[in-house]
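Fold and geometry: a report
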Amino acid sequence: MKDIKRLLPYMTKYKLKLNLSISLTILYTFARSAQPFLIGLIISELVANVLGNTPINLHYIMVITIIIAVCGITDAISDYCANYFLIDVIQKGMYDIRSDIQKKLNKLPVSFFDTHKQGDILGRITTDVDVVSVALQQGIIKIFAAFLTLFFSIVFMFIRSTFFGLLALIIFPLVYIIYRKLFQRAQPNFMKLQNELGRLNSFTTETFSSHDVIQLFNQEDHMQEKFNEITESIQETGFKSNFNSSVINPLLSSLLNLAYILIFLVMGITVLRNPLVIGGFVLSAALDIGALQSFIQYIWQFSSPIRDITQLSNVIQAAIASLARVLELLDAKEEKQQVNNPDINLSDMTGQVTFNHVKFGYSPDKILMQDVNIDIAPGSMVAVVGPTGAGKTTLINLLMRFYDINAGSICIDTIDIKTMSKPQERSLFGMVLQDPWLYAASVADNIGSGADYAERAQIIAAAKIANVDHYIRTLPEGYETFINQESSNVSQGQKQLITIARALVGDPKILILDEATSSVDTRLELMIQSAMEKAMENRTSFIIAHRLSTIRNADLILVMNQGSIVEHGTHDDLLLQDGMYSSIYQSQFDS
Ligand SMILES: Nc1ncnc2c1ncn2[C@@H]1O[C@H](COP(=O)(O)OP(=O)(O)OP(=O)(O)O)[C@@H](O)[C@H]1O
């Protein structure tokens, strides 16, 4: 219930349309419920005229018939319009939820994505929001209309006969108790089902994105087994939840039929014993034929809204589970919003970097870096090397403040990076990641995204430094060539050059290059190497090097192992030390 309340602001934002929809629903359910009552009035009048041997009161019958026609037309038109406005409100509400999720994702810390799988997040934005939207669309108006129809029907029944009105009311506590019991039984399974669907989403995203690797390592059978395990669990929880939910409808229908039989029985008795007197109390006079006809119609009509409510039970239960997953994402702890520090003049910064007694662990109980100290002069080229898992990427992650350190400080130009806002700090950096990721947009937009408001001249200048201007000009539409979703219309090496241009477009003070491990042909490799060398000129640069041949000219080489800097110096110094660097270098040289 608390979760459903959280949805309300998304709907009430569109107050006018929502109120219109609610008013029109009240109108059409009233008009619909009035019809049996009005027909009953005509029948009563006809019967009274025939039995009393009086002429048929045509005027009365005519007036009521016109009212019935007006009710019928009002019913149809307002039903249509109520749906129209409600669907509009719901779709706008879902749009708002999705954009809130998108905004939220931008505010979440990097560590959130370490613990939440991509496919699962994707499922929450797409499927879960959709399940909520369908339930609101199919459910909310039907359930609201169902309750109103029941309410108005009872009101009309009471107008005709208080006793039978009361009798009809006994159905409701019965329906409520059964519905609540079955609903509670099915709900945990619906939650499990939505989570399992999230797991399937993650699994398929992972397998599709690494399809070639799976085939390369003959992992198809293993993946198939994992897939079967998830889908079997979905099948099992899907059966349990939907079966429990689907039992509600037939069970309630049987009970309703029993209740009707009871009511008809009492009606029959009142006709035989008029008035019905129990224990000295006059409970009821027999209904006349018109009233009897209205009652029978109302009682049969009861089943329709009750059936609507019960039939929608599984849609609603699935939506409650999906809503919980959506809200969990919306409630995730955000990174603190930071304001730019006005005392910092970014354009005056030189790119000097220091790490002072930095201590860090991805989790507090597993410290990776105990005491890292580095001092890098502005404009130096720094290479970070070391075996896999040594902490090279972590060092960069900390410098970029993707994670906060446990102790110590990291400074740029003696200013602790914690005193800057993250956007302020990150505007000092250009970054070339190991995976040269491009998004579906033109080449120019891809390069331009490396800076705020990059002009065409800046884009071309960056492409020239990155040795990629000539290649771009040979493309069918030059800088306007559209790079497709998978970036499959540019080669791996060309992608790397474009990402170098992207990193340079904002003329950053500090450049980070995570050297790609995948090999490209020798000519392209030379082009990439020369692009990187040009890119590093006149700025502080960090290069995570996998091929030591690229870093011989580095001003400083940091050798990392198990989170610590175990050696540092120039290439020649380190070879003389004959330590870890020397042995890594030797092994690469030998191979
Ligand atoms: N997001 C993370 N959450 C938890 N542990 C992590 C995370 N990222 C890295 N680690 C762990 O931290 C250690 C250092 O990892 P890091 O990625 O910095 O190494 P690396 O030197 O860059 O390795 P490689 O050369 O293989 O890229 C490893 O033991 C790794 O398992």
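Quick caveat, the model's predicted, so the values are computed rather than measured. (Residues numbered from 1 in each chain as written. Predicted model: local features only at pLDDT ≥ 70, side-chain atom pairs only at ≥ 80, totals over all residues. Heavy atoms only, no water.)

1. Digging into the overall build of the protein
Quick reminder of the rule: Only DSSP runs of H or I reaching four residues or more are called helices, and only runs of E reaching two or more are called strands; each is numbered from the N terminus. Relative accessible area decides the class of each residue, using a 1.4 Å probe on protein chains only: under 20% of the type maximum gives buried, over 50% gives exposed, and in between gives partly exposed. A contact between two residues is defined here by any heavy atoms of the two lying within 4.5 Å. Accessible surface area values rest on a Shrake-Rupley calculation with a 1.4 Å probe, where residue burial reflects the displayed protein chains alone. Charged residues are defined narrowly, with Lys and Arg counted positive, Asp and Glu counted negative, and His plus the chain ends left uncounted. For the purpose of locating charges, the reference atoms are NZ of Lys, CZ of Arg, CG of Asp and CD of Glu.
If you tally the helices and strands in the protein, you get 20 helices and 14 strands. Considered along the principal axes of its C-alpha atoms, the protein spans approximately 125 × 50 × 45 Å. Counting the 591 residues in the protein, one finds 45% classified as buried. Taking the contacts inside the protein whose residues are at least 6 apart along the sequence as the reference set, 77% of them involve residues at least 24 apart. Carbon and sulfur atoms make up 60% of the accessible area of the protein, which totals about 30,700 Å². Within the protein, the 56 negative side-chain charges are centred at a point lying 11 Å from the centre of the 46 positive side-chain charges.

2. Examining the confidence of the model for the protein
Formally: Predictor confidence is given residue by residue as pLDDT, running from a minimum of 0 to a maximum of 100.
Per-residue confidence for the protein gives a mean pLDDT of 82; residues scoring 70 or more make up 91%. When mean pLDDT is compared element by element in the protein, strand 3 (residues 353-360) scores highest at 93, while strand 2 (residues 281-284) scores lowest at 56.

3. A closer look at helix 15 (residues 456-465)
What counts, and what does not: By construction, the arc corresponds to the directions joining the helix axis to the C-beta atoms.
Within helix 15 the residues assigned to the buried category are Ile459, Ile460, Ala462 and Ala463. Seen along its axis, helix 15 keeps its buried residues to an arc of 160°; they face one direction. Of the residues trailing helix 15, Asn467 is marked for its positive phi of about 60°.

4. As for the site of the ligand
For clarity, the cut-off: Any residue with a non-hydrogen atom lying within 4 Å of a molecule or strand is treated as near it. Here a polar contact is recorded for every N or O atom pair within 3.5 Å, except that within protein the pair must consist of a potential hydrogen donor and a potential acceptor, and residues adjacent in sequence are included only if both atoms are side-chain atoms.
Neighbouring the ligand are Asp114, Tyr362, Leu368, Pro387, Thr388, Gly389, Ala390, Gly391, Lys392, Thr393, Thr394 and Tyr403. Contact distances for the ligand include 3.1 Å between an oxygen atom and a backbone N or O atom of Ala390. Here an oxygen atom of the ligand and a side-chain polar atom of Lys392 are 2.8 Å apart. Its free accessible area being 630 Å², the ligand has 60% of it covered by the protein chains.

5. Observations concerning the sheet that holds strand 5 (residues 381-385)
Spelled out, the test is: Here a strand pair is declared whenever DSSP counts at least two bridges between the two strands. Each axis is a line fitted through C-alpha atoms, taken for helices only over the stretch in contact, and angles between the N-to-C directions span 0 to 180 degrees.
Within the open sheet, the six strands sit side by side as 8-11-12-5-13-14. Their pairing is mixed. Two strands bound the open sheet, and with one partner strand each, they are strand 8 (429-432) and strand 14 (564-569). Adjacent strand axes in the sheet meet at a mean angle of 20° when their direction is disregarded. Direction of pairing for strand 11 (residues 510-514) relative to strand 12 (residues 540-544): parallel, over a ladder of five bridges. Among the inter-strand pairings, Leu511 is bridged to a residue of strand 12, identified as Ser541.

6. Thoughts on helix 17 (residues 492-504)
Selection criterion: A helix's residues, less one, multiplied by 1.5 Å, set its expected span.
Over its 13 residues, helix 17 extends 19 Å from the first C-alpha to the last, a length consistent with the 18 Å expected when each residue adds 1.5 Å. Within helix 17, twelve of the 13 residues are buried, which leaves the element mostly enclosed by the surrounding structure. Those residues of helix 17 that sit buried are Gly493, Gln494, Lys495, Gln496, Leu497, Ile498, Thr499, Ile500, Ala501, Arg502, Ala503 and Leu504.

7. Topic: the packing of aromatic side chains
The condition is simple: Each pair of aromatic rings taken from Phe, Tyr and Trp, with Trp reduced to its six-membered ring, is defined by centres within 6.5 Å and is described as stacked if the planes are under 30 degrees apart, edge-to-face if over 60, and tilted in the remaining cases.
A complete count under the given rule lists 13 aromatic pairs for this structure. Between Phe30 and Phe156, the ring centres sit 5.7 Å apart and the planes meet at 45°, which makes this aromatic pair tilted. Separated by 126 residues along the polypeptide, Phe30 in helix 2 (residues 15-51) and Phe156 in helix 5 (residues 118-160) bring together distant segments of the chain. With relative accessibility at 39%, the residue Phe30 sits in the partly exposed group. Summarising the aromatic geometry, the rings of Phe203 and Phe227 are spaced 6.1 Å apart at their centres and angled 40° between planes, so their arrangement reads as tilted. Here Phe203 is found in helix 7 (residues 171-209), whereas its partner Phe227 is found in helix 9 (residues 220-272), with 24 residues between them in sequence. Assessed through its relative accessible area of 6%, Phe203 is described here as buried. By the ring-pair criterion, three or more aromatic residues cluster together here, those being Phe30, Phe37, Phe151, Phe152, Phe156 and Tyr298.

8. Looking at the side chain of Ser421
Tracing the backbone through its elements, the reader meets Ser421 in the loop between strand 7 (415-416) and helix 13 (422-426). What makes Ser421 buried here is its relative accessible area of 0%. In contact with Ser421, other than residues within four places in its own chain, are Gln338, Val339 and Asn340.

9. Considerations on the domain arrangement of the protein
Let me state the cut-off plainly: Note that the domain bounds were set by an automatic or database domain assignment.
For the protein, the assigned domains are domain 1 (2-330) and domain 2 (348-590). Computed over C-alpha atoms, the centres of domain 1 and domain 2 are 57 Å apart.

10. Description of the sheet that holds strand 3
Pairing in this open sheet of four strands is antiparallel, and the strands run 4-3-6-7 from one edge to the other. The two strands at the open ends of the sheet, each matched to only one other strand, are strand 4 (369-376) and strand 7. Here two bridges tie strand 6 (residues 407-412) to strand 7, and the two strands are oriented antiparallel to one another. Bridge pairing links Ile412 to Ile415 in strand 7. Seen against the sheet, helix 12 (residues 392-399) touches strand 3, strand 4 and strand 6 and runs at an angle of roughly 110° to strand 3.

11. Focus on the packing of helix 3 (residues 58-107) against helix 5
Stated formally: Oblique is the label for any angle not under 35 degrees, not over 145, and not in the 65 to 115 range, which are roughly parallel, roughly antiparallel and roughly perpendicular in turn. Two helices crossing with the near one rotated counterclockwise from the far one by less than a right angle form a left-handed crossing, whereas a clockwise rotation gives a right-handed crossing. Throughout this entry, Asp, Glu, Lys and Arg are counted as charged residues, while Ala, Val, Leu, Ile, Met, Phe, Trp, Tyr, Cys and Pro are counted as nonpolar. The remaining residues, Gly among them, count as polar.
Packing of helix 3 against helix 5 brings their axes to within 10 Å, and their N-to-C directions diverge by 160°. Put simply, helix 3 runs roughly antiparallel to helix 5. As helix 3 runs across helix 5, the sense of the crossing is right-handed. Contact residues: helix 3 offers Ala82, Asn83, Leu86, Ile87, Ile90, Gln91, Met94, Ile97, Arg98, Ile101 and Leu105, while helix 5 offers Ile121, Arg124, Ile125, Thr126, Val129, Asp130, Val132, Ser133, Leu136, Gln137, Ile140 and Ile141. Residues of the contact of helix 3 with helix 5, tallied by class, amount to 15 nonpolar, five polar and three charged.

12. Here's the deal with the packing of helix 1 (residues 2-12) against helix 11 (residues 313-330)
When two helices pack together, their arrangement is given by the angle between the helix axes and by the axis-to-axis distance. Viewed as axis vectors pointing N to C, helix 1 and helix 11 meet at an angle of 70°, and their least axial separation amounts to 10 Å. In terms of orientation, helix 1 lies roughly perpendicular with respect to helix 11. For the pair helix 1 and helix 11, contact is made by Asp3, Ile4, Arg6, Leu7 and Tyr10 and by Ile320, Leu323, Ala324, Leu327 and Leu330, respectively. Of the residues contributing to the contact of helix 1 with helix 11, the split by class is eight nonpolar, no polar and two charged.

13. Side note on a nonpolar patch on the surface
As a reminder, the rule being used: Residues enter patches when they are more than 30% accessible in relative terms and free of salt bridges; like-charged ones are connected within 9 Å and nonpolar ones (Val, Leu, Ile, Met, Phe, Trp, Tyr) within 5 Å. Salt bridges, as used here, are contacts in which a Lys or Arg side-chain nitrogen is within 4 Å of a carboxyl oxygen on Asp or Glu.
Among the surface-exposed residues, Leu46, Val50, Ile56 and Leu58 lie close enough to one another that they form a single nonpolar patch of about 360 Å² accessible area. Along the polypeptide, Leu46 turns up in helix 2.

14. Examining the environment of Lys336
Tracing the sequence through the fold places Lys336 in the loop between helix 11 and strand 3. Its relative accessible area of 74% is what places Lys336 among the exposed residues. Along the backbone, Lys336 and Met400 are 64 residues apart, and their C-alpha atoms lie at a distance of 16 Å.

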